[in-house]
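What follows is each chain in one-letter form.
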Amino acid sequence: MVENSELRKAGLKVTLPRVKILQMLDSAEQRHMSAEDVYKALMEAGEDVGLATVYRVLTQFEAAGLVVRHNFDGGHAVFELADSGHHDHMVCVDSGEVIEFFDTEIEKRQKEIVREHGFELVDHNLVLYVRKKK
């Protein structure tokens, strides 16, 4: 199973809750899930994993580099698998929907701005807070 090798590669022991949570994150239609979202999805799938376990496992996954935690303004933490390349986010302030995007011009301009100020870019996180046009 891919999940087992991913856990081992990350230095984590293969346990049923870890496998179930990793499978849930991998197969979910929604890429950005809170611990509560993961818990509810597991319950709906008939899996017996407690909320405290979900929180603990997600924290372990974050420390191991399997997931990325985002703390968007006005909301709770959401997690996404760390399997995709760099991208930025738009968050709808009305619905909480998270939209991923990548724009080469924005990336290029950020690097230029950093260089103009005499720095080198180590990492960045761009979040745009949006609302649907009426």
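Calculation notes
Residues numbered from 1 in each chain as written. Predicted model: local features only at pLDDT ≥ 70, side-chain atom pairs only at ≥ 80, totals over all residues. Heavy atoms only, no water. Helix = DSSP H or I, 4+ residues; strand = E, 2+ residues; numbered from the N terminus. Buried < 20%, exposed > 50% of the residue type's maximum accessible area, 1.4 Å probe, protein only. Contact = heavy atoms within 4.5 Å. Areas by Shrake-Rupley, 256 points an atom, 1.4 Å probe, with all protein chains shown as cover. Lys, Arg positive; Asp, Glu negative; His and termini not counted. Charge placed at Lys NZ, Arg CZ, Asp CG, Glu CD. Pairing = 2+ DSSP bridges. UniProt positions renumbered as here; feature names shortened; annotations may be inferred. Polar contact = N/O pair within 3.5 Å; in protein donor to acceptor, adjacent residues only side chain to side chain.

*Asks:* Could you clarify how one ought to interpret the overall build of the chain in this entry?
*Replies:* Secondary structure summary: the chain contains five helices and five strands in total. Shown N-terminal to C-terminal, the secondary structure of the chain runs as helices and strands in the order α-α-α-α-β-β-β-β-α-β. Each principal axis of the C-alpha atoms in the chain carries an extent, and together these give about 50 × 40 × 20 Å. For the chain, with 134 residues in total, the buried portion stands at 31%. Long-range pairs, those at least 24 residues apart, make up 43% of the contacts in the chain with a sequence separation of at least 6. Element-wise, carbon and sulfur atoms account for 52% of the exposed surface of the chain, whose accessible area totals about 8,800 Å². For the chain, the centre of its 17 positive side-chain charges and the centre of its 24 negative side-chain charges are spaced 1 Å apart.

*Asks:* Any chance you could explain the pairing of strand 3 (residues 88-92) here in plain terms?
*Replies:* Both faces of the sheet carry side chains from a regular strand, because those side chains alternate between them. Of all five residues in strand 3, four are buried; the element is thus mostly enclosed. Relative to strand 4 (residues 98-101), strand 3 is paired through four bridges, and the arrangement is antiparallel. Following the sheet pairing, His89 is matched in strand 4 by Glu100. In textbook terms, the turn of a hairpin is the stretch between consecutive antiparallel strands, and for strand 3 and strand 4 this stretch comprises five residues, one of which, Gly96, has a positive phi near 85°. Of the strand pairs in this sheet, strand 3 and strand 5 (residues 127-130) are connected by four bridges, and their pairing is parallel. Each bridged residue has a counterpart across the sheet, and for His89 the counterpart in strand 5 is Val127.

*Asks:* Help me understand the UniProt feature "binding site: Fe cation" (unreviewed entry) in the chain in this model?
*Replies:* As recorded in UniProt, the sites labelled "binding site: Fe cation" (unreviewed entry) are His86, Asp88, Glu107 and His124. The greatest C-alpha distance among the residues just named is 10.0 Å, despite their covering 39 residues of sequence, which places them together in space. Of note, His86 is situated in the loop between strand 2 (78-81) and strand 3. Discounting chain neighbours no more than four positions away, the residues touching His86 are Phe102, Glu107 and His124. One polar contact links His86 to Asp88, side chain to side chain, over a distance of 3.4 Å.

*Asks:* Looking at this structure, how should I read the UniProt feature "binding site: Zn(2+)" (unreviewed entry) in the chain?
*Replies:* Cross-referencing UniProt, the feature "binding site: Zn(2+)" (unreviewed entry) maps to Cys92 in the present numbering. The topology assignment puts Cys92 in strand 3. Here Cys92 falls in the buried class, since its relative accessible area comes to 8%. Apart from residues lying up to four places away in sequence, Cys92 is in contact with Glu97 and Val130.

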